[in-house]
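Structure assessment
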Amino acid sequence: MPTQPKLTRFNQNVLAKYQIYNSIFLTLPFDTITRTGTLLPLFHATCKRGYEKKDDPTTIVETFFKKYQARRSPASQIDLLFRFIQYIERQVVLFDAVEDAAFPIVNNMDGIGTLRSLKESVKKENKLDLLKTYLEEFKVRIVLTAHPTQFYPGSVLGIITELTEAIRENDLLRINELMAQLGKTPFFKHKKPTPYDEAVSLIWYLENVFYKSFGTIYDYIQQNIFDGEHVENDIVNIGFWPGGDRDGNPFVTPEITLDVADRLHITVIKNYYRDTRRLRRKLTFVDVEEKIIALENELWKIITNKKSNLTVENFSAEMTAIKDLLVNKHQSLYVNDVNSLINKIHLFGFHFAYLDIRQDSRKHAQFFNDMVKALIASDSSIFPDNYFDLSEKAQIDILSKVSGQVDLSLIKDEETLKALNTIKAIKTIQHKYGEKAANRYIISNNQTTLNVMQLFAMLKLVAFQDELTVDIGPLFETITDLENAPDVMEALYTNPDYAAHLKSRGNKQTIMLGFSDGTKDGGYLMANWAIYKAKENLTSVSRKYGIKVIFFDGRGGPPARGGGKTHNFYASLGPTIEDEEVQLTIQGQTISSNFGTLESSQYNLEQLISSGIQNSISENDLKMLPENRAVMDDLSERSYKAYSDFKAHPKFISYLEHMSTLKYYAKTNIGSRPSKRGKSEGLIFSDLRAIPFVGSWSQLKQNVPGFFGVGTALKHYEDTGQFEKVQTLYKTSSFFKTLIGNSMMSLSKSFFDLTRYMAEDAEYGEFWTLIYNEYETTKRLILKLTGYNELMQEEPAGKASIAVRESIVLPLLTIQQYALKKIQDLEKSGVKADDEQMKVFANMVTRSLFGNINASRNSA
C-alpha cells in the first residue's frame, strides 16, 4: 500500500484524533468544565466572525456576552474568561500529546535526513569509507539551557508523557483518567523555580529520553556503518547550562553548580543500575552472573551514598569482559544488550552531560579588577602595583604569563567570591566525575582579547595552577562584535601562552555565536548574514594558525532567535565554514517539542547529524557565488537600516512597554533569572533579554524580529527592476533559501487583525501601521520571490499544525488583548496599579501568556 501524503497522515492521525479526544473534555464529571466547554465553541465562533468583520477584541468579548450570556454580572463574566483560559490551556496540552503520539506516523522515520537514508545514499555513491572517516571525527552536541520559554510545570509534563502513550495505544479508559487529572492539575507556578529546580526539570529529559535516543543512534551507527566495530568518537553528546549559567542570574551559586553536577552523576548511575538489573535477569550463566551482580551491587552503593571503588573505567572494562565471555562461551546470547550498555557508558561516562559555566564579560572585568585590587593591597607580587595604569597590550602580556595562587580570604565582595568559588567548583567536579563533567567556560558579550585573557588568568590563579583543563569559549553577539571577532581571535592565536594552552587542548577552539541577541541588535537578515560571514572569517583565521574551530550556535526556538528549521542551516553551509562539529543550544519549548519523546528526539538528532555530514561529503558546490554575496551584502545592509530606523522610532520602547505583554513575563514564575539584565526602573533596550523581547512580539501576533526589514530590502530590488537578482540568489543559495523559509514561518504565525484596533490609537496608531505595512510588503515579496500562492506552501503538514494551534488559542489571544485594552483605559483614567480591577486584568494577561506560548511551541 503506497504511503499517503504527509498532510493526509497529519489530518487522519492528529487533527481527527484531536477532535475526538477534545470532545471527551465535555464528558468529564466537573460542572465548571462542562459549562465552559459548551460555551467556548460559541466564543470561538464569535471571535472568528468578529475578526472577519474587522471588530476589535473588546467588541468581540462584549458581543459574546450580550448575545449568549446577557444575565451574567461583570464578576461572573470575568470568572468565565478565566475559565476559558484554563480550558484552552488544557486543549493545547491535548493537542501536544496527540501530535507527539502521531510523530512516527506523520514523519517518515527512515526518510530523507535520517541515518538510514544517509547510509543508503552513500552506499549508492560508493562513499561508505568516506562516511566512516568523517564519523570518526564529526560530533553533534545539543546544549540544554534553562532559558524560560517552557511554561509547563513538571506535573503537567508528566501528564503529557502518559497521555501521549495512552493515545498511541488508543487506551480510552486511561485517556479519560488523564484528561480528568489534567482538569484538576494547576498550571500556574506560585513561586519562581530555583536554578536547581530548573536543572532537575531538564535532567528528566536526559534520564527518560536522551539516554535512550542517543544510545539508539550510536548503536545504529556502530552496527550498520562500522559493522559492529568500536567507534572511539562519541558522535553525539549533551551539554548542560542549568546550574552553570550565571549570566544575569545571581541565584546560580557555586553550591548549586556542585549540586547539579552531583545530580547529573547520580541520575546516570541510576540509569546504569536499571540496565544492569535488566541484564542480571538475562545473564544467568556461569562466570557471567557473578560479574553482573557485583556491578549491580557497586552501582547500588553509589546510589545509596555508600563507599564504592567503581570508576567509569572499571565499569566499562567489566562490561567488556562480560561481552567477551558471551561471545566466547555463550554463543553471543544477549551480546547486543550488553554492547548497548557499553556504548552508553562510552557516551555518558559518570557525568551524563558536559556542564558549561557562563558569565558576562562585563561581570568578569568587575570580578577580575576586584581580585587584582585585593592582591595589590595585600602586597602580593602576582600583579604590579601600576597594573591598572598599563596599556591593554601590557595587561595582556602580564595575564599571559601569570602564575601563583589567590588567597580567597582576601576577597571581601560576596559576588566576586562566588565567581571565584565557581572556578574552584569546576576543579572539584572534574576531580569527582572526570574532566568531561565540566570543562568549558563561556564568556558572553565578549568584545576584546582582554576579556578572554582576564578569565584565562583567573582560572589559573584560582584553581588550575598546574594545568588548565578548561576550554574558554568567547561568545560574540552584537553585529559590531561579530565583525571584530576575527581580530580578537587572531590576537589570541598569536599569543604564545594562549597558543600553548590551545595545543594542550588538541588545538581546538570553541567560539559561540549568539543568534538571539544578534537579531535583537541587527534584525533578522543582518544577524544571520553577519554570523555567516563571521564564521567564514573565523574559519579562515583559525585554519591559518592550524586551529580547528568549533562553532557553538546560541539558538532559541523561533526563527527570530536562530531556530525554525535548524538542520537546514547546517546543510546549507559551504566549504568556507568549519563544520566538523555541530553545537547548538536547545531550550524551553524546543526541548519538549523537538526532543520530548524518543521518536522526535531520535528523528531530530538524526536530521542534525545527516545535515552536518551531507554538507561535508556532498559534491554539490555550496560555496556562495560572488554575485550572490554582493546581493546578500546589500540586502542585509538595507534590512539593517530599516530595522535600526525602526528601533530608533520614538515610540519603539513605549509601544513594547504599554501595548505588549513585555512587563508581564517576569510575573509568570517560569524561570529563576530576572527578565532583564540591569537594575534600572525604566525599560532600557540594551538590558532587555532576547526571550521576553521576541516573546512579546509573538504574543501580539506581530513577530517583528522574524521579518522586519526583509520586505524593505526586497522592495528596493523590485523598485529598481533588479528583482531577478534576488530570485537567482533564492534559487542558487541554500543558505538564503533557508532564511526565507524560516521568515515565512514567522509571517505565518502573525495575525494583525488581532491588534488592528491599535491603528486608531492616537499615540501608537502610526507605529502599528509602520509594522503592518512592513509585514504586508514582506509577505507579498516573499510570495513573489518563491513563486508560492501562500506562505509555507511546500510544508502543508507544518502549515496545518500551525493553523490548528492558532485556531485553538484565538479566544485566548482575544481575552489577552481585551485585558490589555482594559488596563490601558484604566491607566488613562488615572487608576493606580494596585487597584483591584487593575490587578484582575493584569492577572488575566499573565495567565493568558501560558497557553499562547505553549501552543506556538517555538515562539520565544
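Located above this text is the structure these notes cover.
1. Quick notes on the nonpolar core
Grouped together as the largest cluster of nonpolar side chains are 193 residues, with contacts concentrated most on Ile142, Phe240, Tyr272, Met319, Phe383 and Trp697. Considering every element that reaches this core, the biggest residue donor is helix α10 (residues 195–224), with twelve residues. Apart from the residues lying within four places of it in its own chain, the contact partners of Ile142 are Phe210, Phe214, Asn237, Ile238, Gly239, Leu584, Ile586, Phe595, Leu605 and Leu608. Within the second largest apolar cluster, 68 residues are counted, among which are Ile24, Phe25, Leu754 and Leu812.

2. Considering the pairing of strand β4 (residues 440–444)
Burial runs high along β4: five of the five residues are buried. Of the two faces of β4, the one holding Arg440, Ile442 and Ser444 and the one holding Tyr441 and Ile443 are both buried throughout. As defined by bridge partners, strand β3 (residues 354–360) adjoins β4 across five bridges and the pair is classed as parallel. For Asp360, the partnering residue across the bridge sits in β4 and is Ser444. Bridge analysis of β4 against strand β5 (residues 471–476) gives four bridges, and the strand direction is parallel. Counterpart to Ile443 in the pairing with β5 is Pro474. Note on the crossover from β4 through helix α18 (residues 449–462) to β5: the handedness is right-handed.

3. A few points about the pairing of β3
Among the seven residues in β3, seven count as buried, and that is most of the element. The alternating pattern of β3 places Tyr354, Asp356, Arg358 and Asp360 on one face and Leu355, Ile357 and Gln359 on the opposite face, and all of these are buried. By the bridge criterion, two bridges tie strand β2 (residues 236–240) to β3 in an arrangement that is parallel. Along β3, the bridge assignment pairs Gly239 with Tyr354.

4. Comments concerning the pattern of salt bridges
One pass over the structure, following the stated rule, counts 54 salt bridges. Between Glu296 and Arg280 there is a salt bridge whose closest N-O contact spans 2.9 Å. In this pair, Glu296 is assigned in helix α12 (residues 289–303) and Arg280 in helix α11 (residues 254–282), connecting sequence segments 16 residues apart. Across the pair Glu806 and Lys701 runs a salt bridge, and its minimum N-O distance is 2.8 Å. Of this pair, Glu806 sits in helix α33 (residues 796–828) while Lys701 sits in the loop between α28 (690–699) and α29 (710–719), placing them 105 residues apart in sequence. The class for Glu806 is buried, based on a relative accessible area of 17%. We classify Lys701 as buried; its relative accessible area is 3%. If you follow the salt bridges from partner to partner, you end up with Arg543, Lys548, Glu578 and Glu580 in one network.

The rules we used
Counting starts from 1 at the beginning of each chain's written sequence and moves along it residue by residue. Restriction of local features to residues with pLDDT of at least 70 applies here, the model being predicted, together with a cutoff of 80 or more for giving and counting side-chain atom pairs; totals for whole chains, interfaces and linings are based on all residues. Water and hydrogen atoms were dropped before computing side-chain values, which therefore reflect all heavy atoms in the structure. To form a nonpolar core, buried Ala, Val, Leu, Ile, Met, Phe, Trp, Tyr and Cys residues must be joined to one another through side-chain atoms within 4.5 Å. Summary of the burial criterion: residues with accessible area below 20% of their type's maximum are buried, those above 50% are exposed, and those between are partly exposed, where the area comes from a 1.4 Å probe applied to protein chains only. Helix and strand definitions follow DSSP, with helices as H or I runs of at least four residues and strands as E runs of at least two, each counted in order from the N terminus. In what follows, a contact means two residues having at least one pair of non-hydrogen atoms within 4.5 Å. Strand pairing requires that DSSP identify at least two bridges connecting the strands. With strands facing away from the observer, any crossover in which the path from the first strand over the helix to the second runs clockwise is taken as right-handed. We define a salt bridge as a contact between a side-chain nitrogen of Lys or Arg and a carboxyl oxygen of Asp or Glu at a distance within 4 Å.

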